[in-house]
Amino acid sequence: MKFFIDDLPVLWPYPKIYPEQYQYMCDIKKTLDVGGNCILEMPSGTGKTISLLSLTVAYQQHYPEKRKIIYCSRTMSEIEKALAELKNLMKFRASELGFTEEFRGLGLTSRKNLCLHPKVRHEKNGNVVDEKCRAMTSGVARRKLEAGDESISLCEYHENLNDLEPHDLIPQGVFTFDDVLKYGQEHKQCPYFTVRRMMAFCNIIIYSYHYLLDPKIADRVSKELSKDSIVIFDEAHNIDNVCIEALSVDITEDSLRRASKGANSLAKKIDDVRATDADKLQNEYQKLVEGLREAEVARDEEQFMSNPVLPDDLLSEAVPGNIRRAEHFIAFLKRFIEYLKTRMRVLNVISETPTSFLKHLRELTFIERKPLRFCSERLSYLVNTLELTEIEDFTALKEIAAFATLVSTYETGFVLILEPFETERSTVPNPVLHFTCLDASIAIKPVFDRFKSVIITSGTISPLDMYPKMLNFDTVIQESYTMSLDRKTFLPMIVTKGSDQVAISSRFEIRNDPSVVRNYGNLLIEFSKITPDGLVVFFPSYLYMESIISTWQSMGILDEVWKYKLILVETPDSQETALALETYRTACSNGRGAVMLCVARGKVSEGIDFDHQYGRCVLMIGVPFQYTESRILKARLEFLRENYHIRENDFLSFDAMRHAAQCLGRVLRGKDDYGIMVLADRRFVKKRNQLPKWINQAILDADTNLSTDMAMAAAKKFLRNLAQPANPADQEGVSVWSLDDVLRFQEQTKGIGYTGHSTDAPTEAIARDTTKDQDEMDYLLDIEQTLYEEARDMEYTAVGAT
Ligand code: SF4
């Protein structure tokens, strides 16, 4: 299909398009036209990825000054999916245009996934792969080999790249991970470095958030991306947490021990080098006098570490005198580590700001702030000078150096929390020093400063206005789309009480009350009786899940569920969970049916799709609030209140609801899919407005205060309806548009400059071919709801009569 949005020709690789996809693309185009940022919430399973790609690629090809598209997603499977969609799109464009455009699209992931070296690629641990690779590819390894060191062997896949034109390591086209591995295998060249080096020469790069948001990686990988790139963060509902994690460091006694060991072996190396090649150290000293920018010239693409935060102006400054000499720097680091060790010997929790930490540090050790700021750069430079390749031994030291730089760079937005015991009831000290970033906007600021257009999007990113506040940026468009459907394919409902009318809730005071636990159990039994195939249950935490499962066991509830479905449980161990998921899928496919018990915020809730028979119903047991006694969370809440005027309760509620929405969205992965979404906690009644618009609007008022038996009746009716064969013709013009529908819509909205803001209007306009005003729409909805309630009452009567 080909159509225009304003003057932009869009090639759409399918014969039909969903109305919301069209509106979504209109909004993205508007954002790109004005050169600003946007937040868009697009319902799960409505083809967000292909809409994003079609529009941005069309825009890039039409306005070549938009040089690059940087598409960031969360998981490897999502990145792979985007690459496959892109490949399909470019094939379609070529067939429509009659020629193949000059276009290169690549995806980047870690070495572990892209390595071809026979001795390295089978390593399970990513850090080991990185280290082994560095040992065969760094400039140091090459120099050692040239000097006659026979213990060194270089990676031929890496070496072969040097024989190729640097801007043409791989032909034009779109390469999925499999393609790039295959190409590397055939041409004996390293896929990882091929992609890394070709990033500057491709039209679109698809990779994980961390390559852009984590300054330690971004500086190394994404530095050369041009400023006029279009940046997309897909699945961005957790973007604030990614930003915070990127700048937070946890230090334990063990990491300090390993850091001391690392410092000692560095000192020994320095002595060795002094004995054999004293000039090397003298040269290093001279360069550092000139400033880090001069010193930087010597770095190769595989430098040991990047600085987490060093501002640009510092790079041109001379490195402070007391850490210029290698041995002085090591002594400095050791002093800092010893200081941290003494700080760990406490029996009470301590929470302090970076400023007070630095003051105490200076009073006790005379360590000043300025040399601390240079620590991570200085360490990186020293490792290069000493030509070290086994840098895994120095990871703990690297962490300490990064901490030193961060703590001395930021006065606000961070907190230090020292916890002597792992849990409140522990008696054996196991201290942890959390250096926690509280301000998500710090890590993402360079992205907003550098790139003109940033698109933040997800299936569940409500409430939209929370993100600009937390991340401190302006938007030109914030929009949440509804899902156009010809028949209701998902049934969201709020269950507030059991059949005995006792309220159900995971509120702390009553969550372990036997009647509440029993009612939750009965809800599970009833839904396992009627749900075909897969049923997914989410709990607010592992702790609660464990306690409720053991009570259910003693109440005989699990035995009852067992009659209808297999029961599988998510655990913190990812391998165990993977096995449980596999069994779950087998049971769903072979007709036995299964229940998967999982936790919100866990791996399953974020990354696993339960489409079609794998998830016909999702039960959200309780509101998934964070553990509010966590000191780190308390500090963040205080920071948000004081700096961004976000109240504690607002943030906690927003955070709980975004995770609840993620869990609900797991079972609906397309318009041909169907499922029931049960929110089982009476507190959801008040919080439903914080759900994504497409879910909230689908909750009928009659379904907001149900007891277990009422919920069962509604669910049975829904499943019966969905069991009727659907007529694809009913979808025409309502939930799918042909080209004629698109053109008709464009014609209707031409005069009023509409490009797709109101999300209901277009569907209605096309479906009924008349324009209804809002009052009339509300009236119609009321009637629909009344009819629905009446129908249900009749059903109850009928059931009662029999
Ligand atoms: S250069 Fe490439 S193929 Fe060689 S070890 Fe490193 S990642 Fe593996």
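This structure is a prediction, so every number in the text was calculated from the model and none was measured.

**Observations regarding the overall build of the protein chain**
Reasoning step 1: Within the protein chain one finds 37 helices and 21 strands.
Reasoning step 2: The burial tally for the protein chain puts 44% of its 802 residues in the buried class.
Reasoning step 3: Taking the intrachain contacts of the protein chain between residues at least 6 apart in sequence as the baseline, contacts between residues at least 24 apart amount to 81%.

**Quick word on the site of the ligand**
Reasoning step 1: Of all residues adjacent to the ligand, which total 14 residues, the nearest are Cys115, Cys133, Cys155, His158 and Cys190.
Reasoning step 2: For the shell around the ligand, the secondary-structure elements that each account for two or more residues are helix H5 (126–137), helix H7 (156–159) and helix H9 (191–198).
Reasoning step 3: When residues in the shell around the ligand are grouped by element, the largest group, 3 residues, is from H5.
Reasoning step 4: Per-class residue counts for the shell around the ligand are 10 nonpolar, 3 polar and 1 charged.

**Structural notes on the sheet that holds strand S3 (residues 38–41)**
Reasoning step 1: Here we have 8 strands laid out as an open sheet, ordered S6-S5-S7-S4-S8-S13-S3-S14, and parallel in their pairing. The open sheet has two edge strands, strand S6 (173–174) and strand S14 (477–480), and neither has a second partner.
Reasoning step 2: Bridge analysis of strand S8 (residues 230–233) against strand S13 (residues 453–458) gives 4 bridges, and the strand direction is parallel. When the bridges of S13 are listed, Val231 appears paired with Val454.

**A closer look at helix H1 (residues 19–34)**
Residues lying three or four places apart along an α-helix face the same way, a consequence of the helix completing one turn every 3.6 residues.
Reasoning step 1: End to end, H1 covers 23 Å across 16 residues, agreeing with the expected 22 Å (1.5 Å per residue, within 8%).
Reasoning step 2: Across the 16 residues of H1, 13 count as buried, placing the element largely inside the fold.
Reasoning step 3: Just past H1, the residue Gly35 takes up positive phi, approximately 75°.

**Notes on the sheet that holds strand S11 (residues 414–419)**
Reasoning step 1: Pairing in this open sheet of 4 strands is antiparallel, and the strands run S9-S12-S11-S10 from one edge to the other. Taken across any chain shown, the strands that pair with only one partner, and hence form the sheet edges, are strand S9 (249–252) and strand S10 (350–352). Within this sheet the neighbouring strands show an average axis-to-axis angle of 15°, counted without direction.
Reasoning step 2: As judged from the 4 bridges shared by S9 and strand S12 (residues 432–437), these two strands associate in the antiparallel manner. The residue of S12 that forms the bridge with Val249 is Phe435.
Reasoning step 3: Sheet strands in contact with helix H29 (residues 631–644) are S10, S11 and S12, and its direction is about 155° off that of S11.

**Some points on the confidence of the model for the protein chain**
Reasoning step 1: Considering every residue of the protein chain, the mean pLDDT works out to 87; 89% of them sit at 70 or more.
Reasoning step 2: Contacts for the low-pLDDT stretch residues 297–307, under 50 throughout, to residues beyond four places or in other chains number 25 contacts.

**Notes on the pairing of strand S5 (residues 104–107)**
Reasoning step 1: Note that S5 and S6 share 2 bridges and pair parallel. Within S6, the residue paired with Arg104 across the bridge is Gly173.
Reasoning step 2: Pairing geometry for S5 and strand S7 (residues 204–208), over 3 bridges, is parallel. Paired with Gly107 across the bridge in S7 is Ile206.

**Considerations on the nonpolar core**
Reasoning step 1: Core analysis: the largest hydrophobic core is formed by 212 residues, its most contacted members being Val537, Phe538, Val618, Leu619, Met620 and Val678.
Reasoning step 2: At 9 residues, helix H21 (residues 395–409) tops the list of elements feeding residues into this core.
Reasoning step 3: Dropping the residues within four chain positions of it, Val537 is found in contact with Leu524, Val595, Met596, Leu597, Cys598, Leu619 and Ile621.

**Digging into unusual backbone geometry**
Apart from glycine, the bulk of residues carry a negative phi angle, and the bulk of peptide bonds sit in the trans form.
Reasoning step 1: The peptide bond linking Ser462 to Pro463 adopts the cis configuration, its omega dihedral lying at -10°.
Reasoning step 2: Take Pro463: it is sitting in the loop between S13 and helix H23 (466–471).
Reasoning step 3: Even without a glycine there, the phi angle at His612 is positive, about 45°.
Reasoning step 4: Tracing the chain through its elements places His612 in the loop between helix H28 (603–607) and strand S19 (617–621).
Reasoning step 5: Taking the C-beta count within 10 Å as the criterion, His612 has 18 such neighbours and is therefore assigned partly exposed.
Reasoning step 6: A positive phi is found at His645, a non-glycine position, where the angle reads about 55°.
Reasoning step 7: Inspection of the secondary structure puts His645 in the loop between H29 and helix H30 (648–665).
Reasoning step 8: On the neighbour-count criterion, His645 (9 C-beta atoms within 10 Å) is exposed.

**Concerning the environment of Gly173**
Reasoning step 1: With respect to the helices and strands, Gly173 occurs in strand S6.
Reasoning step 2: Through-space distance from the C-alpha of Gly173 to that of Leu86 is 10.0 Å; in sequence the pair is 87 residues apart.

**Brief notes about the packing of helix H24 (residues 514–530) against helix H33 (residues 708–723)**
Reasoning step 1: One can describe the packing of H24 onto H33 by two numbers: an axis separation of 11 Å at closest approach and a directional angle of 20°. Between H24 and H33, the crossing angle belongs to the class labelled roughly parallel. Read as a crossing pair, H24 and H33 show a hand that is right-handed. Packed against H24, whose contacting residues are Asn519, Asn522, Leu523, Glu526 and Ile530, the element H33 presents Thr708, Met712, Ala715, Lys716 and Leu719 at the interface.
Reasoning step 2: Of the residues belonging to the contact of H24 with H33, the class tally is 5 nonpolar, 3 polar and 2 charged.

**Things to note about the environment of Asp701**
Reasoning step 1: One can find Asp701 in the loop between helix H32 (693–696) and strand S21 (706–707).
Reasoning step 2: Residue classification places Asp701 among the exposed positions, given that 10 C-beta atoms sit within 10 Å.
Reasoning step 3: Residues Asp701 and Ile494, spaced 207 residues apart in sequence, show a C-alpha to C-alpha distance of 9.6 Å.

**So, the pairing of S12**
Remember that side chains alternate between the two faces of the sheet whenever the strand is regular.
Reasoning step 1: Bridge count for S11 against S12 is 6 bridges, and the pairing is antiparallel. By the bridge assignment for S12, Leu416 is matched with Phe435.

What counts, and at which threshold
Residues numbered from 1 in each chain as written. Predicted model: local features only at pLDDT ≥ 70, side-chain atom pairs only at ≥ 80, totals over all residues. Helix = DSSP H or I, 4+ residues; strand = E, 2+ residues; numbered from the N terminus. Buried ≥ 20, exposed ≤ 12 C-beta atoms within 10 Å, placed from the backbone. Contact = placed C-beta atoms within 7 Å. Near = placed C-beta within 6 Å. Nonpolar A, V, L, I, M, F, W, Y, C, P; charged D, E, K, R; others polar. Pairing = 2+ DSSP bridges. Expected span 1.5 Å × (residues − 1). Axes fitted to C-alpha atoms, helices over the stretch in contact; angles between N-to-C directions. pLDDT = per-residue confidence, 0-100. Core = buried A, V, L, I, M, F, W, Y, C linked by C-beta atoms within 7 Å. Parallel < 35°, antiparallel > 145°, perpendicular 65-115°, else oblique. Left-handed = near helix turned anticlockwise from the far one by under 90°.

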